[in-house]
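In case you want the letters, here they are:
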Amino acid sequence: MPNIDTQRITIGPEGILRVPDNPIVPFIEGDGIGPDVWAGARRVLDAAVASVYGDQRRIKWLEVMAGERAYRETNESLPEETLQTIKDHVVAIKGPLTTPVGKGIRSVNVSLRQRLDLYACVRPIRYIKGVSSPMRHPERVNMVVFRENTEDVYAGIEWEAGSREAEAVIAFLKESIGVDVAKESAIGIKPMSRKASRRLVARAIQYALDHGFPSVTLVHKGNIMKYTEGAFMSWGYEVAREMFGDHVVFESDGGLEPEEKVSSGKVVIKDRIADMMFQQVLLRPEAYHVIATPNLNGDYLSDALAAQVGGLGMAPGANIGDSCAVFEATHGTAPKYAGKNKANPSSLILSGVMMLQHMGWTEAASAIEQAIQKSISHGLVTYDLARQMPDSQELKCSEFAQAVIERLG
Ligand code: NAP
């Protein structure tokens, strides 16, 4: 083994990443199936980097703790040290973390995104040939969801029915604003700001321009929630006009046929109401490319889109801010498969592909994508895909990772 001098990734002027050949990258293994899928993903990432760059480049992994294990060992689900280490190293990757429903601690995932100001949750949804899908034409799905990550009902401002806080808010609404809310209601608050909405939409438009996507669709429920979701749409159009005026056109302006807009090289900005968008992505997926949407819509929509291309086991994701990024699978801890070496590691492997692209190590990223494609087209898949692919060979999580490694390069 060569003597490797490890270093940190830093951010240079204009936000450009400076990546040394041997960067330290913190990782959180995760709860439930996390250890299984992370073990597979790490082996694939290391093998791809070694296969493409030989001894020239290598990632030095640094474990940081969060979730159930962190709680057991430190009495904290998200230790300050973990947050600081991720900040210091700029790029990190994580497995899924458990959040109890209706009780106990707040979501560690949500806290991590908020504390590090990782304001854009980016989820590319693209079909990999050979994967079983409920769609007749899954290859028509090629979208990237930009989900606002720091506010909306995810801000965690809510109070139990009958609590002192809920009763106080109900009394305030009645006395100060004259609004009646049923006694003993639970209360939740949905904050959405101009700043957070604009920066999310700006990032989505910049991504569409950088990657040659023809449209950005603002997905909202502004017909009902006018001052939150409706404002998200207005702020989105506002930032599109102010920051990208020369590079975008608006569907609402009319005049041009869609083909003419695309041939002009400009990105078309349009908007859709969220419920209608769920039918659009099933019936006309080819009409949508980059989607920018508030937090809750984005959560629902990205899981539904993942199902169209093979399920949660195949869907990667990234949480990106201006000063750091944390890459993570879209799925959760799937507790019933924990420790069974059964889950599909592709989602975390593909999140690692996004991480390599973010670092500029695109050759290694492409090698992994091609190797996953080859494994699947040879019918080598984990249980989730095998149950819908009659002629396939069902592999364990670790065996699938090995199959991908054997097909690198
Ligand atoms: P989930 O863990 O995503 O699992 C739901 C189902 O999706 C699984 O039972 C399985 O379906 C399928 N699935 C998920 N991951 C898969 C994989 N890698 N390979 C194959 N199939 C996979 O969702 P959940 O049961 O609603 O949530 C469990 C816990 O995870 C909760 O505590 C939740 O808060 C947490 N969670 C964490 C994150 C995160 O860390 N970012 C995200 C979402 C949820 P079948 O049973 O049909 O095989």
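Right, let's walk through the structure included here. Remember, it's a predicted structure, so these values are computed and weren't measured experimentally. (Residues numbered from 1 in each chain as written. Predicted model: local features only at pLDDT ≥ 70, side-chain atom pairs only at ≥ 80, totals over all residues. Heavy atoms only, no water.)

### Quick notes on unusual backbone geometry
- Despite not being glycine, E14 has its phi angle at roughly 60°, a positive value.
- Here E14 is to be found in the loop between β1 (10–11) and β2 (17–18).
- For E14, a relative accessible area of 79% gives the class exposed.
- With a phi angle near 70°, N75 is a residue other than glycine that sits in the positive phi range. (Helix = DSSP H or I, 4+ residues; strand = E, 2+ residues; numbered from the N terminus. Buried < 20%, exposed > 50% of the residue type's maximum accessible area, 1.4 Å probe, protein only.)

### A word on the site of the ligand
- Around the ligand there are 24 residues in total, and G332, A334, Y337, Y383 and R387 lie nearest to it.
- In this structure, a nitrogen atom belonging to the ligand sits 3.3 Å away from a side-chain N or O atom of H331.
- Alone, the ligand offers 880 Å² of accessible surface; in the complex the protein occludes 71% of this.
- Among the secondary structure elements, those contributing two or more residues to the shell around the ligand are α4 (108–115) and α13 (383–386).
- Class assignment of the residues belonging to the shell around the ligand gives a composition of nine nonpolar, nine polar and six charged. (Near = heavy atom within 4 Å. Polar contact = N/O pair within 3.5 Å; in protein donor to acceptor, adjacent residues only side chain to side chain. Areas by Shrake-Rupley, 256 points an atom, 1.4 Å probe, with all protein chains shown as cover. Nonpolar A, V, L, I, M, F, W, Y, C, P; charged D, E, K, R; others polar.)

### Some thoughts on the pairing of strand β13 (residues 290–293)
- Here β13 shows two buried faces, one formed by V290 and A292 and the other by I291 and T293.
- Pairing between strand β7 (residues 142–148) and β13: four bridges, direction parallel. Paired with V144 across the strands is V290, a residue of β13.
- Sheet analysis places strand β10 (residues 215–220) next to β13, joined by three bridges and oriented parallel. Looking at the pairing, L218 lines up with A292 of β13. (Pairing = 2+ DSSP bridges.)

Take it as geometry only, folks, not as evidence of what the structure does.
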